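In case you want the letters, here they are:
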Amino acid sequence: MADENIVTLSIEGMTCASCVGRVEKSLKAVSGVSSAAVNLANETAQVQFSSPADLSVLTQALEGAGYPAVTAEVTLEVEGMTCASCVGRVERGLKAATGALDASVNLATETATLRYIVGATTPADLARVATGLGYPAKVKAGVDAEKADRKAAEISRLGRLTLIAALLALPVFILEMGSHVIPGMHMWVERTIGLQTSRIVQFLLTTAVLLGPGLQFYTKGFPLLLKGKPDMNSLVALGTSAAYGFSLVSTFAPKLLPQGTANVYFEAAAVIVVLILLGRWLEARAKGRTGEAIRKLVGLQAKEARVERNGEVVELPIDEIAVGDVIHLRPGEKIAVDGEVLSGTSYVDESMITGEPVPVEKSEGAMVVGATVNGAGALTFRATKVGADTMLAQIIAMVERAQGAKLPIQGAVDKITAWFVPAVIAAAVVTIAVWLIFGPSPALSYAIVAGVAVLIIACPCAMGLATPTSIMVGTGRAAEMGVLFRKGDALQSLQEVKVVALDKTGTLTAGRPELTDLVIAASFVESEVLRLVAAVETQSEHPIAAAIVRAATTRKLDIPTVDTFASITGFGVSASVEGHNILVGADRLMRRDGIDMGDFADTGAALGKKGRSPLYAAIDGRIAAVIGVSDPIKPTTPAAIAALHDLGLTVAMITGDNQGTADVIARELGIDIVVAEVLPEGKVDALKALQKQGKLAFVGDGINDAPALAQADVGIAIGTGTDVAIETADVVLMSGELTGVVNAFDISGRVMRNIRQNLFWAFGYNTLLIPVAAGALYPAFGVMLSPVLAAGAMAFSSIFVLSNALRLRWVKPAVATTTPPQAAALAPRKTAQAA
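Residues numbered from 1 in each chain as written. Predicted model: local features only at pLDDT ≥ 70, side-chain atom pairs only at ≥ 80, totals over all residues. Heavy atoms only, no water.

### Section: the overall build of the protein
Right, on to step 1. The helix and strand tally for the protein stands at 31 helices and 29 strands.
Right, on to step 2. Each of the three principal axes of the protein carries a C-alpha extent, and together these read 120 × 75 × 50 Å.
Right, on to step 3. For the protein, the proportion of its 835 residues judged to be buried stands at 53%.
Right, on to step 4. Contacts spanning at least 24 positions in sequence make up 69% of the contacts within the protein whose residues lie at least 6 apart.
Right, on to step 5. In the form shown here, the protein has an accessible surface area of approximately 35000 Å², with 58% of it arising from carbon and sulfur atoms.
Right, on to step 6. Positive and negative charge centroids in the protein, built from 69 and 78 side chains respectively, lie 9 Å apart. (Helix = DSSP H or I, 4+ residues; strand = E, 2+ residues; numbered from the N terminus. Buried < 20%, exposed > 50% of the residue type's maximum accessible area, 1.4 Å probe, protein only. Contact = heavy atoms within 4.5 Å. Areas by Shrake-Rupley, 256 points an atom, 1.4 Å probe, with all protein chains shown as cover. Lys, Arg positive; Asp, Glu negative; His and termini not counted. Charge placed at Lys NZ, Arg CZ, Asp CG, Glu CD.)

Written out as structure tokens, the structure is:
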């Protein structure tokens, strides 16, 4: 099977839920595309595809659907080109780069001009492609401004169009509506400029509104309508055209209409355009705020660094740093990229990444992470990861993927919106027919008003925004609290979880055990046993082994060299040291090898009841010692367990400890289910058994937890664990604290509640107001809904949904951690609790 690629495309022209459905349908129709998730809130599509699909085919499909992918042009300054073959090599390499659509290289100016797909790549990534070919390149100064300001320019454009439309529509509104509201104004207009002149003025100004700021509705709406794929623009185009066309006939050929029906609705057509443009402008501003978290994360990056180049240390933008570059770091500076320390000693504040407030010592061989802050020392380090490979870039990518995700709940919305717009058009036709047949005189006027009101009020903008805006704001706020949703659907899946299974070591506990007890058999010497056992444990990376080695080192014992060593998975280790055969492990290892433990079995059981992990050592076939090791419980763990219970969850603990030790810890923490003495390969079976009680979330951090994280319905990885565990998880906690699990459940619940509120409003609004717009209240109350009010209500509907989603920006952590989960730069300044 061909390798699958995942790309995020920025898309132009989407305005409502029906647009989303159309874009998804066109992308999924491309051969090789396995999935496509379109997000109206951030106007992107996440596409998973393999051959024969490629980016050019995807962009062609979007172009054909009427929603082109956003492209941009960038100029690179390229060094080292000397001849035509250099030009050809650079050009071919750039054209083959992911996201690049075309490239043109100029030897004379030493530049490369590229057209690329926004979202699929960045100018800095393209520059790295040329650099990787052996031709150092950098982005020409100033070209990133277009991309950075694209949203701002769109907001500015919509604001300008709204203002122009409002200035043109205001006289129309005053002339027509003022005559109905202000006593005597109708007579004053007739005496001064005359009724017909008034209508001609309204016609001229309305025409300017429709063919100027409102032209976009017609150029997009009518072609899609003719293709049988109407969208929101089609509804607006139909509604305003009906009002405008009827008014046109009433003004210039009133005799064509039944007597008494020649009324004008120019103000309806003009003001509808104004209100919808106003709604889109407010939407664009609100959408900009939904991506605040990503901008804050990006803002954490250093802008430049002091890099060794040609024997000199020069200031360079981080986009120009390459893997292998040597970087000089001064006290107090922000680290530019991930790397390995070459020289110097300092303490680095890594709270932005780990959530731990205590600075970490860094010296030769230590790894440093981009965007963390150096302390008082000076360091020199070699760049190991740059650009999209750095940890911060991966965090940003993770948040972006989650924000673009499509939850299962969206499936129902998609099914409804697929037929919604055609149904609205049908409803408008039926409404006009009913009024013409059964309506009072002048029936045609009533029919036009009701039909236009139905078309305008039913635009499904709010439906399309209901889910993605909540996801964007919620996952962004979660990232600020140190909770990263690698898979967006985990937001919904967490709410279906009944059981939370926790790995003990490193999750419930600190993950750094200490030697607490050493009981020696009568014929052995304590220091001799400890030095031999410590020698064996130097070969193991297990935390308990490290505790024993630390104890021997603290006592300044001479630790001998190990001759042979073997790890016995799930049991312990065996080794040969200074001619002695040594076994160190659980009681089951002693039984397996026929070692008589005598009273030491009871001693070990007693240690277990105290919450120690008993370990047994045998030397030359005889029991030599019982070792008690305790891994202290993290300070925040009891509060986190209590909070999980308050959420109605069953809490289970899975551990390799013996049953006695596990039971002591479970009693201390109030854990409901204990699964002890589990071998690493047995975790998956243990989870399968627990899954019989309902959907299950598993929390772990070690490499042995990767299969368990994959088996669970929702895998939650402690971010301080291994990369393997994180890659198999659905949710990653940046802090090592268990409180992050509670915060993950809490933010998930709040997001889902917010989505349901939005969907209730979006669907309830349409369900209730379409009949009102059609004239359902007229028989009883004599009330008709003006198309102008319909346009205002429609715009308000979208603004309500966006405003409701933005409340998630102020959610506070459900359980406070002992440390800030993200840098202060990420935390919002206000802290109003969201409902």
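### Overview of the environment of serine 250
Right, on to step 1. Among the structural elements, serine 250 can be located in helix α10 (residues 232-252).
Right, on to step 2. The class for serine 250 is buried, based on a relative accessible area of 1%.
Right, on to step 3. When the C-alpha atoms of serine 250 and valine 714 are compared, they prove to be 64 Å apart, with 464 residues separating the residues in sequence.

### A short note on the sheet that holds strand β17 (residues 483-485)
Sheet strands pair via backbone hydrogen bonds, and the direction of the pair is either parallel or antiparallel.
Right, on to step 1. Read from one edge of the open sheet, 7 strands run β17-β29-β28-β27-β18-β25-β26, paired in mixed fashion. With partners counted over all chains shown, the strands left at the sheet margins are β17 and β26 (673-675), one partner each. Within the sheet, the average angular offset between the axes of one strand and its neighbour, ignoring direction, is 20 degrees.
Right, on to step 2. In this sheet, strand β25 (residues 650-654) lies alongside strand β18 (residues 497-503) in parallel orientation, the contact comprising 5 bridges. Residue pairing in the sheet places leucine 502 in a bridge with methionine 653 of β25. (Pairing = 2+ DSSP bridges. Axes fitted to C-alpha atoms, helices over the stretch in contact; angles between N-to-C directions.)

### Topic: the pairing of strand β6 (residues 111-117)
Right, on to step 1. By the criterion of burial, β6 is predominantly enclosed, with 5 of the 7 residues buried.
Right, on to step 2. Sheet topology note: the strand β4 (residues 71-78)/β6 ladder contains 7 bridges and is antiparallel. Its bridge partner being in β6, alanine 72 is matched across the sheet by tyrosine 116.
Right, on to step 3. Examined bridge by bridge, strand β5 (residues 100-106) and β6 share 6 bridges and lie antiparallel to one another.

### A few points about the pairing of strand β23 (residues 613-619)
Right, on to step 1. Across the 7 residues of β23, 7 count as buried, placing the element largely inside the fold.
Right, on to step 2. The alternating pattern of β23 places Ser613, Leu615, Ala617 and Ile619 and Pro614, Tyr616 and Ala618 on opposite faces, both of which are buried.
Right, on to step 3. Where strand β22 (residues 580-585) lies against β23, 4 bridges are found, and the strand directions are antiparallel. By the bridge assignment, isoleucine 582 is partnered in β23 with isoleucine 619.
Right, on to step 4. The pairing of β23 with strand β24 (residues 622-630) spans 7 bridges and is antiparallel.

### Quick notes on the domain arrangement of the protein
Right, on to step 1. Splitting the protein by domain gives domain 1 (5-142), domain 2 (301-399), domain 3 (483-509 + 633-734) and domain 4 (514-630).
Right, on to step 2. A separation of 41 Å is found between the C-alpha centroids of domain 1 and domain 3. (Domains from an automatic or database assignment.)

### Focus: unusual backbone geometry
Right, on to step 1. With an omega dihedral of 15 degrees, the bond running from serine 51 to proline 52 counts as a cis peptide bond.
Right, on to step 2. Relative to the helices and strands, proline 52 is located in the loop between β3 (44-49) and α2 (55-65).
Right, on to step 3. We note that alanine 371 has phi near 85 degrees; this positive angle belongs to a residue other than glycine.
Right, on to step 4. Position of alanine 371 relative to the elements: it lies in the loop between β14 (367-368) and β15 (373-374).

### Considerations on the packing of aromatic side chains
Right, on to step 1. What the rule picks out here adds up to 9 aromatic pairs.
Right, on to step 2. Ring geometry for phenylalanine 203 and tyrosine 244: centres 6.3 Å apart, planes at 25 degrees, overall stacked. With phenylalanine 203 in helix α8 (residues 195-211) and tyrosine 244 in helix α10, this residue pair connects regions lying 41 residues apart in the sequence. As far as the burial class goes, phenylalanine 203 and tyrosine 244 line up, both buried.
Right, on to step 3. Grouping aromatic residues by their ring pairs yields a cluster made of Phe203, Tyr244, Phe252 and Phe266.
Right, on to step 4. Over the ring of phenylalanine 571 we find arginine 588; its NZ or CZ atom is 6.0 Å from the centre of that ring.
Right, on to step 5. The ring of phenylalanine 571 has arginine 592 lying over it, and the distance from NZ or CZ to the ring centre is 5.7 Å. (Phe/Tyr/Trp six-rings, centres within 6.5 Å; stacked < 30°, edge-to-face > 60°. Lys NZ or Arg CZ within 6 Å of the ring centre and 35° of its normal.)

### Some points on α8
Right, on to step 1. The terminal C-alpha atoms of α8, which comprises 17 residues, lie 24 Å apart, in line with the 24 Å expected from a rise of 1.5 Å per residue.
Right, on to step 2. Buried within α8 are the following residues: Ser198, Arg199, Gln202, Phe203, Leu205, Thr206, Thr207, Val209 and Leu210. (Expected span 1.5 Å × (residues − 1).)

### Details of the sheet that holds β15
Right, on to step 1. Taken in spatial order, the 3 strands make up an open sheet running β13-β12-β15, and their pairing is antiparallel. Edge positions in the sheet fall to β13 (360-362) and β15, since each of these pairs with one other strand and no more.
Right, on to step 2. Here strand β12 (residues 346-349) pairs with β15 via 2 bridges, running antiparallel. Each residue of the ladder has a partner; that of aspartate 349, found in β15, is valine 373.

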